[in-house]
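# Chains, contacts and geometry: an overview
Take a look at the letters that make up each chain.
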Amino acid sequence: MFQPTTMDRVKSSMQQVPNAIPKVIRRTGGANSLELERENFERGQAVSINKAINTQEVAVKEKHARTCILGTHHEKGAHTFWAAVNRLPLSSNAVLCWKFCHVFHKLLRDGHPNVIKDSMRNKADLADMSRMWGHLSEGYGKLCSIYLKLLITKMEFHIKNPRFPGNLQMSNRQLEEAGENDVNNFFQLTVEMFDYLECELNLFLGVFNSLDMSRSVSVTAAGQCRLAPLIQVILDSSHLYDYTVKLLFKLHSCLPADTLQGHRDRFQEQFKKLKSLFYRSSNLQYFKRLIQIPQLPENPPNFLRASALSEHISPVVVIPAESSSPESEHVVETDDLVDTDIPPLPAPSETKFDDLFGTSAAIDPFNFNSQNGMRKDDKDHLIEQLTREIQALKEELESFRLESGRLCQALRGRVNELEAELAEQSHLRLQAVGESEFLKAELDDLRRVREDTEKEQRSLTEIERKAQANEQRYTKLKEKYTELVQSHADLLRKNAEVTRQMTVARAAQDEVETVRREMQEKVKTAKDAADRQEREQLKQLQELQRELMSSQVELDSLKTTMASSQQTSSEVLSSQLAVLESEKAELVQTLSKVEAELEVQGEELQRVHSSLATERESGVKTAEALQNQLNEKESREQALENQLVASRWTSLQGAVEEAERIIQDSLAQIDDPAHISCTSSADYLASRCQASLDYMERLQCATEAFLADNTVAVTELVRVVAQCGHLVGDTIVQGSATSHMVPVEQADALTESVKLCGAEALALLGHMKRQDGLAAADNRKLRTALEAIMATAEKLRPRGLELQQGELGDLVEQEMAATSAAVESAAARIEEMLNKSRAVDTGIKMEVNERILASCTELMQAIKALVLSSKDLQKDIVESGRGAASMKEFYAKNSRWTEGLISASKAVGWGATVMVDAADLVVQGKGKFEELMVCSREIAASTAQLVAASKVKADKDSSNLQRLQQASRGVTQATAAVVASTKSGKSQIEETETMDFSSMTLTQIKRQEMDAQVLVLELETRLQKERERLGELRKKHYELAGASEGWGEEEEGTGVSA
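Residues numbered from 1 in each chain as written. Predicted model: local features only at pLDDT ≥ 70, side-chain atom pairs only at ≥ 80, totals over all residues. Heavy atoms only, no water.

## Here we look at empty space enclosed by the protein
Keep this limit in mind: Both site types are read off a 1 Å grid over the protein atoms alone. A 1.4 Å probe that fits but cannot get out defines a cavity, while an open set with protein on both sides within 12 Å along at least five of seven lines defines a pocket; lining residues have an atom within 4 Å of a point. Grid points are joined across faces, edges and corners, and a volume is the space filled by probe spheres set on the points. Helix and strand assignments follow DSSP, with helices taken as H or I runs no shorter than four residues and strands as E runs no shorter than two, numbered in order from the N terminus. Classification used: nonpolar for Ala, Val, Leu, Ile, Met, Phe, Trp, Tyr, Cys and Pro, charged for Asp, Glu, Lys and Arg, polar for all others including Gly.
Enumeration according to the criterion identifies eleven cavities of 30 Å³ or more in this entry. Approximately 80 Å³ is the volume attributed to the second largest cavity. Of all the secondary-structure elements, those providing two or more residues to the lining of the second largest cavity are helix H17 (570-670), helix H18 (682-708), helix H19 (714-739) and helix H20 (744-769). Residue composition of the lining of the second largest cavity, by class: twelve nonpolar, one polar and no charged.

As structure tokens, then:
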């Protein structure tokens, strides 16, 4: 029967290997040497894996782990390792899983590079195992969960960054090449290193928190089992810290400090944790003989000071060669197990037994001497003594053989290490040769780049010189144009002054004529009054004479009567005589008065005649003087009129010459090499042609008006000529620039049309410079050339929506109104759904629904503010004069931009409607949270398209543009709030479904594990198919959008390559 010690060892070995040896050995009938070698390799790997990964709470032996590492290099992968591990019950024993993580970490660091690729197919199983162990709050379960997360992060990091080897050892040049000289790659690489180091620190803290640091746990087997994996963590953390510091210094040299504030804060936090953990680890007795832990500086590096990089010292971890394995600790194993990689006994059955349980040749399992009860004599004592000596010699021989086996194994390991170092040195030599060749090629490239740079610098200098010459010529032309404008303004002022003086002279001449007519009328009136008074006086005199004669006749008759009647009555006669004498005296007196008055009136008439003669003479002299002044003013006015006509013609000639120079300069730019890089669109060329044709009509009208009356229409003609010169020159330049964007045949035709237009314009301006040729100037040829350019531009324009001006403008307004109405309707529906949810739902569901609907309401309000800001900005664009006179004309003239605006408005309205429907289904419990998140992101994309379409033609200093950008940021924040509330609600609802495996058996867990794996594979296949379908849908959407907006026709019309 077996001795107790042997039975204990067998029992202990059976506990170490709970399952049978994995059946990874292939059996073939006719095995040749290669198959036998493969069979022996798989057997040895299976034994080493089972010895390294067992349920004993002791540290993993270095020799077993090294055998696994060498096996991966031998088969250039990890297929044998995973074939053996997949049969171990990792989900049922936490210590077994912990030691698996330790061995797997060593393989990822020091194994063949294909280990990472072969292990990625088991990533989902590791993630499930991590989640399962994460439900335990203490012991190895929590540590296994953290360690599995670290291993998954390490695999993902190396898959994303294949330049990094598993042990993370890289030179500075290799680190530079890993970022490909792109600051975005360096930024992302730093974030990934932060995540990687965070997982390392979490494992560090988890191990330390699980140990009772008040006792010497590092010298116990259980403590060493937990501390052993930290050696790999220390190696990884030192490299990650070094690379993070170097990358942060490089990022600070390329990006502003504010952008990297988050990186600095995260580094400060990890620096404090890593420094504390390194310090605590260096004080543990277990690590002092196995690894030399570096000490970090007192303060973290100052990334804001570039010179601090020279002060940075890379931490170096040193592993002593003589203490590279934890198996030298005396407490690691109580029994001195012998490595069976070199079997001490040749028998196959003993070899198999030793592979399973270890050798026990030093102790005889069968000892019957103690059972022999017979009496021994001297010979028996001698035989017993010789037997003991033989046994001692055998034990000594066996110890020598074991020691030689260990020495051989150590020497073979050293040889393998030296071979690996030799291979690494060869690889480094080849890499150095490749780097030298690369540096030579890079040096040649730099030389060529320097030569190209010098050539470009010379060409740039020449271009700057030409640009400076053009600038000086433009300045001179501008000064000449300013002088012409100033002289034209002076001539206009002189013309106004002369016109005013002529008006004053004409007013004075009219006044003189009026005075002369008044004087003539006064003289005539006075003469008529004098003649009339003279006739009246003569008439009175005649009457008086007739009365006197009648009185004399009466006197004679009275005398006769008196003489005849003297006899009758002397008294009567005497009385009558007295009366008659008195009457006679009165008549004589009256006659004397009348004669005196006649004399006075004669004198007055004489005086009037003399004054009239004097006034007539003075009036004639004054009229002659005024006539002379009038003649002088008329001659001066004629001279000024001639001078004004000459100045007007000079101004017109100056404007014509300026237009000629502008057109000649435009024609010269066609053959200028610096103009080859200039491009333009057919839309803009068509607008310039249309403006030039409009001014041709104004030029014709202004020329006819000038020929009819050159005193008034010269200003308009000068203005029109100058503007026509500018427009035709701009048309020539834009036509030449447009020809650079079209195929060769169309470019040549367009260039010929532009040159013909310039020649016709110069011919027309040449006729207009001559006075005799102005009337014969005909702009029909120039108009025909412009119409030809216009037709070519129309052919080159992209085929957009064939809408009229009114229809396109109305469609924009209708779509914006429809978008506003859709947003209003969506907000109302969300409010209605919120009220229904409050009335029906309770508890967590009501809280989740309220949070989601509230965020959707905020998103609708933000979209509404964005639409209103977009409308204001569009009005601002039209009113600022950047386009047509009215909104409809502006939309029609910029049809491509308008179509983009219409498309964006439709997308916003449609997205709001779809999101409300999705929210309604989610609240009712029939929808998916993912649909709501996708709808919110789609709305964010549509609003971004609307913002881009609205602000493309806006002024950057516009207040409405600032409000639009603010509203856009509000939509982005509201979208993020919708996604966050949806994710939070989803996780809150899903938290009610906890995983409970306490009542399940091993078979049930295995069954559900297989079902879960099948479901994962189905979901991955479905995910791949859905991604392909999404790609095809996006491609089809792109094709349909291009067909609706005329992208294909644009390529056919213009020939512009992408």
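Next comes the rest of the account.
## Section: the packing of helix H5 (residues 94-110) against helix H12 (residues 230-254)
Just so we agree on the cut-off: Axis geometry follows a simple rule: fit a line to the C-alpha atoms, using only the stretch in contact for helices, then measure angles between N-to-C directions, giving values from 0 to 180 degrees. Here is the rule for handedness: rotate from the far helix to the near one, and if that takes an anticlockwise turn smaller than a right angle the crossing is left-handed, while a clockwise turn gives right-handed. Contact definition: two residues touch when any of their heavy atoms are within 4.5 Å.
Between H5 and H12, the least distance of the axes is 10 Å, while the angle of their chain directions is 35°. The two elements H5 and H12 meet at a crossing, and its hand is left-handed. Contact with H5, carried on its side by His102, His105, Lys106 and Arg109, involves Gln232, Val233, Leu235 and Asp236 of H12 and no other residues of that element. Partitioning the contact of H5 with H12 into residue classes produces two nonpolar, three polar and three charged.

## A word on the packing of helix H2 (residues 33-52) against helix H3 (residues 62-75)
Direction vectors running N to C along H2 and H3 enclose 145°, while the axes themselves pass 9 Å from each other. Two packed elements cross with a definite hand, and for H2 against H3 that hand is left-handed. Residue-level inspection shows Glu37, Arg38, Phe41, Gln45, Ser48, Ile49, Lys51 and Ala52 of H2 in contact with H3, the latter providing His64, Thr67, Cys68, Gly71, His74 and Glu75. Of the residues contributing to the contact of H2 with H3, the split by class is four nonpolar, six polar and four charged.

## Regarding the side chain of Lys154
As for its position among the elements, Lys154 is in helix H8 (residues 139-160). If we ignore the near neighbours within four places in the chain, the residues touching Lys154 are His105, Leu108, Arg109, Gly166, Tyr196 and Asp236.

## Here's the deal with a nonpolar patch on the surface
Defined as follows: Within the patch definition used here, like charges are joined within 9 Å and nonpolar side chains (Val, Leu, Ile, Met, Phe, Trp, Tyr) within 5 Å, considering only residues with over 30% relative accessible area and no salt bridge. Surface accessibility follows the Shrake-Rupley procedure with a 1.4 Å probe radius. Residue values consider only the protein chains on display as shielding. Salt bridges are counted wherever a side-chain nitrogen of Lys or Arg sits within 4 Å of a carboxyl oxygen of Asp or Glu.
On the surface, a cluster of nonpolar side chains totalling about 270 Å² of accessible area is made up of Leu382, Leu386 and Ile390. Locating Leu382 in the fold gives a position in helix H16 (residues 378-565).

## Considerations on the packing of aromatic side chains
Stated formally: Only Phe, Tyr and Trp rings take part, Trp by its six-membered ring, and two of them pair if their centres are within 6.5 Å. Stacked means planes under 30 degrees apart, edge-to-face means over 60, and tilted covers everything else. Here the term buried applies to any residue with accessible area under 20% of the maximum for its type, exposed to any over 50%, and partly exposed to those in between, with areas from a 1.4 Å probe on protein chains only. Whether a charge sits over a ring depends on NZ of Lys or CZ of Arg being within 6 Å of the ring centre and within 35 degrees of the ring normal.
Tallied over the full model, the rule gives 18 aromatic pairs. A ring pair is formed by Phe204 and Phe208, whose centres lie 5.5 Å apart and whose planes are at 55°; its orientation type is tilted. Residue Phe204 and its partner Phe208 are both found in helix H10 (residues 183-210); the two are separated by four residues, about one turn of the helix. Residue Phe204 is classed as buried on the basis of its relative accessible area of 0%. The class for Phe208 is buried, based on a relative accessible area of 2%. An aromatic cluster is present here, built from Tyr241, Phe249, Phe267, Phe271 and Phe303 joined pairwise through their rings. Note that Arg226 overlies the ring of Tyr140, its terminal NZ or CZ placed 4.4 Å from the centroid.

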